[in-house]
Amino acid sequence: QLRRRGIDTVIFSGIATNFGVEASVRDAFAFNYAAIVAEDATSSMTADMHRFSIDQVLPRIARIRSSAVIIDALKEAMKE
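Procedures and definitions
- Residues numbered from 1 in each chain as written.
- Predicted model: local features only at pLDDT ≥ 70, side-chain atom pairs only at ≥ 80, totals over all residues.
- Heavy atoms only, no water.
- Pairing = 2+ DSSP bridges.
- Helix = DSSP H or I, 4+ residues; strand = E, 2+ residues; numbered from the N terminus.
- Axes fitted to C-alpha atoms, helices over the stretch in contact; angles between N-to-C directions.
- Contact = heavy atoms within 4.5 Å.
- Right-handed = clockwise from strand over helix to strand, strands pointing away.

Caption draft 1: Quick peek at the sheet that holds strand S1 (residues 9-15). With parallel pairing, the three strands of this open sheet are ordered in space as S1-S2-S3. At either margin of the open sheet sits one strand with a lone partner, and together these are S1 and strand S3 (63-65). Adjacent strand axes in the sheet meet at a mean angle of 30 degrees when their direction is disregarded. Pairing of strand S2 (residues 34-43) with S3, which is carried by three bridges, proceeds in the parallel orientation. Across the sheet, the residue bridging to Ala 38 is Arg 65, located in S3. Against the sheet, helix H2 (residues 47-57) engages S2 and S3, with an angle of about 155 degrees to S2. Against the sheet, helix H3 (residues 67-79) contacts S1, S2 and S3, and its axis sits at roughly 135 degrees relative to S2.

Here it is in structure tokens:
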């Protein structure tokens, strides 16, 4: 469905940064989608688990940005 609609980038947020979010981002990466993770819109069972995923794992397969930066970029893209 995404490819058919010309979508090539997926934005992620959610609970369990190091489980659900990370697994979904890995799938997007495997299917050749660009992934963006809203750092402040994800969480995990502990701050350390969240930080490890955000700092060590996800930057290898996704861009990590704040929700504000993502929203601003979407607003700019909609102007075009």
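Here the narrative resumes, following the displayed structure.
Caption draft 2: A look at unusual backbone geometry. The phi angle at Ala 16 is positive, at roughly 65 degrees, despite the residue not being glycine. Tracing the sequence through the fold places Ala 16 in the loop between S1 and helix H1 (17-30). With a phi angle near 65 degrees, Asn 32 is a residue other than glycine that sits in the positive phi range. For Asn 32, the position within the fold is in the loop between H1 and S2.

Caption draft 3: Molecular detail of the pairing of S1. Across six bridges, the pairing between S1 and S2 is parallel. Note that in S2 the partner of Val 10 across the bridge is Ala 35. As a crossover connection, the stretch from S1 through H1 into S2 is right-handed.

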